[in-house]
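Structural characterization, general
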There are 2 protein chains.
Amino acid sequence: MDDRKKKILQAVIDEYINTAEPVSSGALVKKYGLDYSSATVRNELAELESNGYLDKTHTSSGRVPSEKGYRFYVDELMKDDNVSLEEIKYIQEKLSTKINEIEDLTKITTSTISEITHYTTIAIGPRPETQIIEEIKFVLLGSRMLMVVIMTDNGLVKETIIKYEKDITQSQVETLNNLFNSKLKGKPLNKIDKPMEEYILSEINYSIDVIKPIIEQINKVIEQEEQVYYEGTGKSFDLPEFKSLEIAKNFVNVLDTKELMLEMLNSGMAKDINVYIGDENEQKELKDFSIVTFKHTVGDKELGTIGIIGPKRMNYSKVISVMKYISKKLNNNLQTNKPEQNDTNDTK
Amino acid sequence: MDDRKKKILQAVIDEYINTAEPVSSGALVKKYGLDYSSATVRNELAELESNGYLDKTHTSSGRVPSEKGYRFYVDELMKDDNVSLEEIKYIQEKLSTKINEIEDLTKITTSTISEITHYTTIAIGPRPETQIIEEIKFVLLGSRMLMVVIMTDNGLVKETIIKYEKDITQSQVETLNNLFNSKLKGKPLNKIDKPMEEYILSEINYSIDVIKPIIEQINKVIEQEEQVYYEGTGKSFDLPEFKSLEIAKNFVNVLDTKELMLEMLNSGMAKDINVYIGDENEQKELKDFSIVTFKHTVGDKELGTIGIIGPKRMNYSKVISVMKYISKKLNNNLQTNKPEQNDTNDTK
DNA sequence: ATTAGCACTGTTACTTGCGGAGTGCTAACT
DNA sequence: AGTTAGCACTCCGCAAGTAACAGTGCTAAT
C-alpha cells in the first residue's frame, strides 16, 4: 500500500466517520485538497476496494469503509492523541474529585468517557476471582446483628450485615474470625462452593443457623460485584445508523443482556486498549457494532474494565485517544494513592 | 353510558390492546358475539366517539381508544384479578426466597413484575427523607480504617468505610459515636448540609481531617440511595408502537434521565396503584406512555416504589392485577417478618 | 501515469392508479 | 323507535412508472 493509497483511504474513512454517507471521488478531491483528478482517485478507490479495504453500497455509489478498512485505519492511519485542551482540562477536573472506593472511580470514569465521546459506555469492577482476600472481619453490632467485612488486596472493602433471631456472643465472633480467616485468607474472592461450605460446617461445633446465613450473604456480596454500569444509553440513538429499527432493537437487547456485556468486557487484554470491529467480536450479537475497552490497573492488579459500544462507523481516533489518556491518568493517580492503601493494610 | 355502550367500549379496548390495530364494527360483531348488526354497532361507536371515548386514525378507519377511553376502562370496565394460577405460583416462588436487605427485595420484585407483564419495569428504594436514623455506629477496623454504620427505622442498614492516613484512637471513636448520635439520631436520613456540618465541626475539638471525610462519605451513601433499577428495557422494543423511531428514541431518552424517573416514581400516592395514561403524566416527556406504579409499604413506612412504563395501549388489566397481587403479598410477607426486625432494633 | 468525457447504473422522490377495508347515511324493516 | 341492509364515499397502502441525479467504470486523449 503506497502513500497515496493510504492518504486516500484515510480521507475516505475520516469523511465517512463524519458524514455517515458513502464518499465519492469528487468529494474527496474537493474537501481534502488532493492533487489528482477525481478520475485518478476513482482508480485508486477501485483498487482499494478490490483489496478489501472499501465497500460499495450499490454499483454506482460512493465508497464505504469495510471492516478491514477500519482495522487498517485503527492500526496504521489514525492519530491517537486526538484530545483537545478543553477535554484534558475536563478530564483532569472530573478525575481529581476525591475518591474513596473503586466503585466510585469506575462510575466517574465511565461518565467522563461517555460525556466526551458521546457514545454509550459500560463498565464493570474487578472480576472477583482476580482479587485476593486479605482478611475477613466479623463485627458484632448490638447482639443480634453481625457485620462481615471482607478486605481484598487491591484495597477494596466489602461489607454485609446478617440479622439473627438469637443473640450472638463475642466468643462466637472470635471463632468465626479464626475459622473464616484460616480458610479464606489468601484465596481469591470466589463464591464459597458446596465443598468449602461443607468443610467449614464440619469444622465448627455450633449451629448451622449461624453459619448458613453468613455464607449466603458472602456469596451474595461476591455476586453483586458483577454489576454492570451504563452511561449514556440514549446517546447512540441520535446516530444515523440507529434509524434502522433492526439495529436499534439489537442494540438495546445487547445492552440488556448482562452476561453478554460481562463476557465482552472481560475478554480484553490488560494493559491495552482493545478494539473489536464488527465481526471481530466473538459474540455474534455484536457483529454490527464496534467496541473499545480497556482495563484499568495499578501495577498488575486490575481494578475494572471500561468499554464503549457504538456503530462500526465510530470515531476511533477520538475514542481511543480519550481512553489512552484516561488510562494513563488513572494509573498515575492510583499509583500515588497506593501508599495510603498499603498503610491501611499494614494496620492489622 | 348504558350497558350496551360499556360492553362495546370494553370490546374495542380489549381488542385494540390485543391487536394494536384500529377496531372495525364488523370485527366486534364477529369476535365478541354481539347480538347486533355491524350497523348498530357503528352507530354506537359514532356516539362513543363523539363523547370522547374513542378516536379514529382517519375518516374511514376503525376505532382506537382515546385517553379518556382508557381511563374509563381502567376505572370502570376492566377486571383487576387477572392473574393466572401459574403466575400466582411463579410470584410466590420468587418472593419466597430469603431476603435480608430491602434492596434485594426491590430487585426481585422488579424482575418478577417485568417477567410476568413483559413490560419495562423501574424501581427505587425508599426516599432517604422518609427514613429515620435510629443509630449511627462507628467501628474501628485496624487502626486506620473507620467504618460508619447507619441504621434506620425501617430496618435498613447502610455502611461505609473511611481510610485515614493517621491512626484513629478508640477514644476518638467514642467521641464520634456520641457526637453524631446526639446530632442525628431520630432525624430523617437527609444529607448533612452546610449548617449542620459547621455545627458538628464546632462541637469537636480535634482535626477537621477526621470529620470531613466522614461527612462526605455519609452524604455519598445517602445519595446512593437514589439509585434507579431497570429490568427488561429491551422488552418494549418488540411492541408495534416502537416501530416509530421517534417514540423508541423518546423512550430510551426517558429511561436515561434519572431525574425524570425519580420524579415520576415519587409522585404516586402510597397505598394505591397509581395509573397515569399519556397526558395524565405531569412530565410532558411521558405523554406518549402509560405508567403504573405502586409503593410497597409496611404499616405506614414506605420501602420503595416500583413502576411499569409502556405504551398507552398497555394491558392495564394484567399489569394492575399483578401489581395488586404482589403489593398485597409483599405486605403480608413483610408484616410477618417485622417482629424479627424489631428484635434487632431492641438489642441496643 | 493522468485525466476529460460519457455511457451506464442504482437511488430517491414523486406521481398515478387501483383494490380493499371501513365508515356514514338513507331507506326499509320489525 | 330501535335495528339493519345496502351503498356511496373516503382514505390507506401498495405497486408501477417516471424523472432527476449522483456517482461509477471505461475509453481515448494528453
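Refer to the structure above for everything that follows.
Residues numbered from 1 in each chain as written. Chains lettered and ligands numbered in written order. Predicted model: local features only at pLDDT ≥ 70, side-chain atom pairs only at ≥ 80, totals over all residues. Heavy atoms only, no water.

Overview of the protein's contact with DNA strand C
Neighbouring DNA strand C are 19 residues, the closest being A:Ser37, A:Thr40, A:Thr59, A:Ser60 and B:Ser25. Considering DNA strand C, the proportion of its atoms within 4 Å of the protein that are sugar or phosphate atoms stands at 77%. In this structure, a phosphate oxygen belonging to DNA strand C sits 3.0 Å away from a side-chain N or O atom of A:Arg4. Separating a base oxygen of DNA strand C from a side-chain N or O atom of A:Ser60 is a distance of 2.8 Å. Sorting elements by how many residues they give to the surface near DNA strand C places helix H3 (residues 38–50) of chain A first, with 4 residues. (Near = heavy atom within 4 Å. Polar contact = N/O pair within 3.5 Å; in protein donor to acceptor, adjacent residues only side chain to side chain. Helix = DSSP H or I, 4+ residues; strand = E, 2+ residues; numbered from the N terminus.)

What about the pattern of salt bridges?
Residue and element names in this part refer to chain A. This model, assessed by the stated rule, comprises 50 salt bridges over all chains. Residue Arg71 pairs with Glu280 through a salt bridge whose shortest N-O separation is 2.5 Å. Separated by 209 residues along the polypeptide, Arg71 in helix H4 (residues 67–77) and Glu280 in the loop between strand E8 (273–277) and strand E9 (289–298) bring together distant segments of the chain. Lys287 is paired through a salt bridge with Asp288; the nearest N and O atoms lie 3.5 Å apart. One network of salt bridges, in which partners are shared, links Asp2, Arg4, Lys5, Glu44 and Glu47. (Salt bridge = Lys/Arg side-chain N within 4 Å of Asp/Glu carboxyl O.)

Quick notes on the environment of A:Leu303
Residue and element names in this part refer to chain A. On the secondary structure map, Leu303 appears in strand E10 (residues 301–311). For Leu303, a relative accessible area of 4% translates into the label buried. Between the C-alpha atoms of Leu303 and Glu103, which are 200 residues apart in sequence, the distance is 9.2 Å. Apart from the residues within four sequence positions on either side, Leu303 is in contact with Ile102, Thr106, Gly125, Pro126, Asn154, His296, Thr297, Val298 and Leu334. (Buried < 20%, exposed > 50% of the residue type's maximum accessible area, 1.4 Å probe, protein only. Contact = heavy atoms within 4.5 Å.)

Remarks on the interface of chain A and chain B
When the parts come together, some accessible area is lost, and that loss is often what is quoted as the size of the interface. Each partner contributes to the interface: chain A provides 44 residues, whereas chain B provides 43 residues. Summed over the shared surface of chain A and chain B, the result is 4 salt bridges. Partitioned by chemical class, the residues of the side of chain A that touches chain B number 13 nonpolar, 15 polar and 16 charged. (Nonpolar A, V, L, I, M, F, W, Y, C, P; charged D, E, K, R; others polar.)

Section: the side chain of B:Thr160
When you line up the elements, B:Thr160 lands in strand E6 (residues 157–163). A relative accessible area of 2% means that B:Thr160 is categorised as buried. Side-chain polar atoms of B:Thr160 contact the side chain of B:Gln217, separated by 2.5 Å. Excluding residues that lie within four positions of it along the chain, B:Thr160 makes contacts with A:Glu101, B:Leu146, B:Met147, B:Val148, B:Gln217 and B:Val221.

A closer look at the sheet that holds E10(A)
Residues and elements named next belong to chain A. The 5 strands lie next to each other as E7-E3-E10-E9-E8, forming an open sheet whose pairing is antiparallel. Edge strands, defined here as strands with exactly one partner in the open sheet, are strand E7 (228–231) and E8. Neighbour to neighbour, the strand axes of the sheet diverge by 20° on average, direction disregarded. By the bridge criterion, 5 bridges tie strand E3 (residues 120–124) to E10 in an arrangement that is antiparallel. Note that in E10 the partner of Ile122 across the bridge is Gly307. (Pairing = 2+ DSSP bridges. Axes fitted to C-alpha atoms, helices over the stretch in contact; angles between N-to-C directions.)

Thoughts on the protein's contact with DNA strand D
Near DNA strand D, the surroundings consist of 20 residues, among which A:Ser25, B:Ser37, B:Thr40, B:Thr59 and B:Ser60 are the closest. Restricting the count to atoms of DNA strand D within 4 Å of the protein gives a sugar and phosphate share of 76%. The separation between a phosphate oxygen of DNA strand D and a polar side-chain atom of A:Arg63 is 3.0 Å. Between DNA strand D and B:Arg4 there is a distance of 2.9 Å, counted from a phosphate oxygen to a side-chain nitrogen or oxygen. Here the surface near DNA strand D takes 4 residues from helix H3 (residues 38–50) of chain B, the largest share from any one element. Each residue belonging to the surface near DNA strand D can be placed in one class, and the counts come to 3 nonpolar, 11 polar and 6 charged.

What to know about the relation of the copies chain A and chain B
Of the transformation placing chain A onto chain B, the axial shift is 0.1 Å and the rotation is 180°, giving an RMSD of 0.1 Å. Those values place the two copies in the arrangement expected of a two-fold rotation axis. Of the residues that chain A buries at the interface, 98% are likewise interface residues in chain B, meaning the two copies contact each other through the same surface. (Least-squares fit on C-alpha atoms with pLDDT ≥ 70 in both.)

With respect to the side chain of B:Thr293
As for its position among the elements, B:Thr293 is in strand E9 (residues 289–298). Setting aside chain neighbours within four positions, we find B:Thr293 in contact with B:Met264, B:Leu265, B:Gly268, B:Asp272, B:Ile273, B:Asn274, B:Tyr276, B:Thr305, B:Ile306, B:Gly307 and B:Met323.

Regarding unusual backbone geometry
One non-glycine residue, A:Ala20, lies in positive phi territory at about 65°. Checked against the element boundaries, A:Ala20 lands in the loop between helix H1 (3–19) and helix H2 (25–32).

Quick word on the packing of H2(A) against H3(A)
Residue and element names in this part refer to chain A. Put simply, H2 and H3 touch, their axes get as near as 8 Å, and they point 120° apart. Classified by chirality, the crossing of H3 by H2 is right-handed. Contacts between H2 and H3 pair Ser25, Gly26, Leu28 and Val29 from the former with Ser38, Val41, Arg42 and Leu45 from the latter. (Left-handed = near helix turned anticlockwise from the far one by under 90°.)

A word on the sheet that holds strand E7 (residues 228–231) of chain B
Backbone hydrogen bonds hold the strands of a sheet together, and the pairing may be parallel or antiparallel. Residues and elements named next belong to chain B. Spatial strand order, E7-E3-E10-E9-E8: 5 strands in an open sheet with antiparallel pairing. Each edge of the open sheet is held by one strand with a lone partner, namely E7 and strand E8 (273–277). With direction set aside, neighbouring strand axes in the sheet form an average angle of 20°. Contacts from helix H6 (residues 102–117) reach strand E3 (120–124), E7, E9 and strand E10 (301–311) within the one sheet, and its direction differs from that of E10 by about 25°.

Thoughts on the packing of helix H5 (residues 85–95) of chain A against helix H6 (residues 102–117) of chain A
All names here are of chain A. Packing of H5 against H6 brings their axes to within 10 Å, and their N-to-C directions diverge by 160°. In terms of their interaxial angle, H5 and H6 are classed as roughly antiparallel. Pair H5 / H6 crosses with right-handed handedness. Facing H5, whose interface residues are Glu87, Tyr90, Ile91, Lys94 and Leu95, H6 presents Ile108, Thr109, Ser111, Thr112, Glu115 and Ile116. Of the residues assigned to the contact of H5 with H6, the class counts are 5 nonpolar, 3 polar and 3 charged. (Parallel < 35°, antiparallel > 145°, perpendicular 65-115°, else oblique.)

Thoughts on the environment of A:Glu15
All names here are of chain A. Inspection of the secondary structure puts Glu15 in helix H1. Take Glu15: its relative accessible area is 8%, and that puts it in the buried class. For the pair Glu15 and Ile122, spaced 107 residues apart in the sequence, the C-alpha separation amounts to 27 Å. Looking at Glu15, its side chain comes within polar contact range of the side chain of Tyr32, at 2.9 Å.

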